[in-house]
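In case you want the letters, here they are:
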Amino acid sequence: MSASFKIVKQLILSGGNRSSRLFSFAGLGIGVLLLFCCVQMYFNLKQLTRKNAIRKNGFDYIALRKSVTNETMGKTALNMFAPGEIADLQKQPFVKAVAPLIANNFRLQLSAGSLFDFQTDFFIEAIDNDFIDTLPDSFHWHEGDATVPMIISSDFIELYNTAFAPGYGLPQLSDATISTVVFTIICYDRNQMPVEFKGNIVAQSDRLNSFLVPKTFLDWANEKFGGALATNVSRLYIKTKDANNPEFLKFIDSKHYRINKDKTLFGRAKQIMQGVITGLGIFGLMVVVLALMLFSFYLQLMIAKSKDNLQLLLTLGYSPGWLSKKMSGQFIPAYILIVLIALALTQLFQFLFHKYVMYDRPELSSMLHISVFILAVLLTVLTIIANYRMVKKLLYRFGTNE
Amino acid sequence: MQLRIQNLLPTYFEESKKSQSDIWGKDLVFSKGEFIKIVAPSGSGKTSLIHFLYGMRKTYQGNISYENQLLQSFNQEQLAKLRATQLSIVFQDLRLFPDQTVEENLLIKHHLQPFHHEIKIKEMTERLGISSKLQARSGQCSYGEQQRIAIIRALLQPFDFLLLDEPFSHLDNDNAVKAMELIIEESALRNACILFADLERFNPYPQTRLLHL
């Protein structure tokens, strides 16, 4: 059909009220703007929280332990991780790897005799090398080696230097000095017979809050002095893509496991922020739906007011399909304009947000996320299709009731 | 193209009507180039028959088919195409857009499927004496003027069949003759068939068949 719509337009588009059309367009604009802003904020939050924890190769490493309560106090087995629990953790999609921290199962003493007279009962632990953030080449041990390399938590050195040493009149240790200190590790077998090893600190760890030796040494020592490989695991380390992942935090909470809250503080905040943004997004979506309904009512009212004219046009031979296309097509420029204005405003807000609120966050972009543009296209297409279908349905109904 | 009616009868008519009519209950074929006159008194179903043939009402039994396709089976798009290109009508109740000007009323039909150049519209209105009314709202025109507008409107499209439902009821004899001449000319130009339903015979109409409803 090649008919001109110009002459027909005045018969069918004069029925609507101009102010109700403007109101529905304004409502649609506000809803779309709110929706775009929420989607953009969601991606901003994602980008901002991506680099918040200590990472190695793009992963977060989190220590996990069980809560010691009044009920479990003294019942060591209850505070240990059973093999089933470890396997369950490994199955979770957000967990890339799990490694237990194994401790000594025999009596052990540590002495720093080469520097100052100091001897105490102590503990050592071991973990898979992949979980160690500062792993020097020298961190290995083979049966027969007299020296055991050790990695200690940088927190221990700090506590020693700032609290312990000044209080007891002991020398404070620099990083260079500490690596030269030769410790004596005294292992006692089940008959309390001592076997000595030399120990030297080869690295400090920011991640692992422990006193680490190579796993080969501890496995060997546990078997030799304790009589068996250690199976009790009270602390695990988890390798995850994002320690602030709300799903991960939800799982940890459900199992009543304890983790370093500082590392996941942002995740908790993120959980709340995501909740708020999702809520706002749903609200925006509701406003969009409401505005579309308002606009659909406006269209229906306009069609109802032009019913006689439309019926006569159909009687004269105008195609209902062609009329529907032309009628709903009249509003396409308005939809596109609304979406473009909303996009431009969202872009402006994003630019101002990055420039004035998050100016020191290079990981954030001043440009809108691609998903916002995709959403804009989808929303426009869906609106056009929904209105076309509604107009077509009404016109076909008129056609059958000539 | 052929129009065929078979055993047609409005559902609200009694079967006995079939025996008294040349059309109800009969099997008839109308071909292009024929000038059919249907004569019937008021209330005998002239408007019903015209509406059935135009596909506006389906309250009948029997069949109507255009080129062997049953009219009942036409969907709305097919019906719109039929009306725009092969079937035209002058309604008894005229059916104009009262708030549009005479010119707009004519252009609405002209733009649907142009058969003539726009200049021809002006000529037709001059022939039927309504050219001075082109810019007037059709609702403000007299019945006689409105009837002439409806007649010209029906002639602005291509058609194989032209349905006329008491098209001169508001015209004096002179104007009716002028309108009839224009209709005959335009139908001849298209080699179309006219189905002219009226209360009585109209002498200037060169009917090829007379049927009593």
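Cut-offs used in this document
- Residues numbered from 1 in each chain as written.
- Chains lettered and ligands numbered in written order.
- Predicted model: local features only at pLDDT ≥ 70, side-chain atom pairs only at ≥ 80, totals over all residues.
- Heavy atoms only, no water.
- 1 Å grid on protein atoms, 1.4 Å probe; cavity = no way out; pocket = protein on both sides within 12 Å on 5 of 7 lines; lining within 4 Å.
- Points joined across faces, edges and corners; volume = space filled by probe spheres on them.
- Helix = DSSP H or I, 4+ residues; strand = E, 2+ residues; numbered from the N terminus.
- Nonpolar A, V, L, I, M, F, W, Y, C, P; charged D, E, K, R; others polar.
- Contact = heavy atoms within 4.5 Å.
- Buried area = accessible area lost by both parts, 1.4 Å probe.
- Salt bridge = Lys/Arg side-chain N within 4 Å of Asp/Glu carboxyl O.
- Polar contact = N/O pair within 3.5 Å; in protein donor to acceptor, adjacent residues only side chain to side chain.
- Phe/Tyr/Trp six-rings, centres within 6.5 Å; stacked < 30°, edge-to-face > 60°.
- Lys NZ or Arg CZ within 6 Å of the ring centre and 35° of its normal.
- Pairing = 2+ DSSP bridges.
- Axes fitted to C-alpha atoms, helices over the stretch in contact; angles between N-to-C directions.
- Buried < 20%, exposed > 50% of the residue type's maximum accessible area, 1.4 Å probe, protein only.
- Parallel < 35°, antiparallel > 145°, perpendicular 65-115°, else oblique.
- Left-handed = near helix turned anticlockwise from the far one by under 90°.

S.K.: Can you help me understand empty space enclosed by the protein in this one?
M.R.: Where empty space is left in the structure can be found by rolling a water-sized probe over the atoms. All names here are of chain A. Under the defined criterion, the tally for this structure stands at one cavity of 30 Å³ or more. Space inside the largest cavity adds up to approximately 50 Å³. Counting only elements with at least two residues in the lining of the largest cavity, the list comes to α2 (18-49), α8 (261-305), α11 (332-357) and α12 (370-400). It is α12 that contributes the most residues to the lining of the largest cavity, three residues altogether. Of the residues that constitute the lining of the largest cavity, the class distribution is seven nonpolar, two polar and no charged.

S.K.: Where do I start with the interface of chain A and chain B in this structure?
M.R.: Much of the literature gives interface size as the accessible area that the parts lose upon coming together. Taken together, the 23 residues of chain A in the interface contact 21 residues of chain B. Roughly 1,900 Å² is buried in total at the junction of chain A and chain B, and carbon and sulfur atoms are behind 60% of that figure. Inspection of the region where chain A meets chain B yields zero salt bridges. Here chain A is connected to chain B by eight residue pairs in polar contact (both at pLDDT 80 or more). Element by element, the count of residues in the side of chain A that touches chain B is highest for helix α9 (residues 307-316) of chain A, at six residues. Here the side of chain A that touches chain B is built from residues that sort into twelve nonpolar, ten polar and one charged.

S.K.: Looking at this structure, how should I read the packing of aromatic side chains?
M.R.: Two aromatic rings, taken as a pair, are described by how far apart their centres are and by the angle between their planes. In the structure shown here, the tally under the stated rule is 27 aromatic pairs over all chains. An aromatic cluster is present here, built from A:Phe106, A:Trp141, A:Phe197, A:Phe217, A:Trp220 and A:Phe225 joined pairwise through their rings. The ring of A:Tyr61 is capped by A:Arg207, whose NZ or CZ atom sits 3.6 Å from the centre of that ring. Residue placement shows B:Arg190 over the ring face of B:Phe115; its charged tip is 3.7 Å from the ring centre.

S.K.: In this structure, what is going on with the sheet that holds strand β7 (residues 161-165) of chain B? I would like to understand it.
M.R.: In a beta sheet, neighbouring strands pair by backbone hydrogen bonds and run either parallel or antiparallel. Residue and element names in this part refer to chain B. With parallel pairing, the five strands of this open sheet are ordered in space as β6-β7-β8-β3-β9. Strand pairing shows two members of the sheet lacking a second neighbour, β6 (87-90) and β9 (209-212), which therefore form its edges. For this sheet the average axis-to-axis angle between neighbouring strands, irrespective of direction, equals 15°. In this sheet, strand β8 (residues 193-198) lies alongside strand β3 (residues 35-39) in parallel orientation, the contact comprising five bridges. Pairing of Val39 across the sheet is with Asp198, part of β8. Against the sheet, helix α2 (residues 46-54) contacts β3, β6, β7 and β8, and its axis sits at roughly 155° relative to β7.

S.K.: Help me understand helix α7 (residues 246-254) of chain A, please; the structure alone is not making it clear to me.
M.R.: Along α7(A), the residues classified as buried are A:Pro246, A:Phe248, A:Leu249, A:Phe251 and A:Ile252. The first or second residue beyond α7(A) is A:His256, which carries a positive phi of 60°.

S.K.: Please clarify how the environment of A:Phe139 should be interpreted in this entry.
M.R.: Residue and element names in this part refer to chain A. With respect to the helices and strands, Phe139 occurs in the loop between β6 (125-126) and β7 (147-153). Sequence separation between Phe139 and Asn129 is ten residues, and the spatial gap between their C-alpha atoms is 9.0 Å. Those residues within four positions of Phe139 in sequence are excluded, and the remaining contacts are Asn129, Ile132, Pro149, Met150, Ile151, Val202, Leu212, Val213 and Pro214.

S.K.: Help me understand the packing of helix α4 (residues 102-112) of chain B against helix α5 (residues 118-127) of chain B in this model?
M.R.: Between two packed helices, both the angle of their axes relative to each other and the distance between the axes serve to describe the pair. All names here are of chain B. For the pair α4 and α5, the least separation of the axes is 11 Å and the interaxial angle reads 140°. One element, α4, and the other, α5, form an angle in the oblique class. The hand of the α4/α5 crossing is right-handed. Across the interface between the two elements, Leu106, Leu107, His110 and His111 from α4 touch Glu118, Ile121 and Thr125 from α5.

Read these as spatial facts, not as claims about activity.
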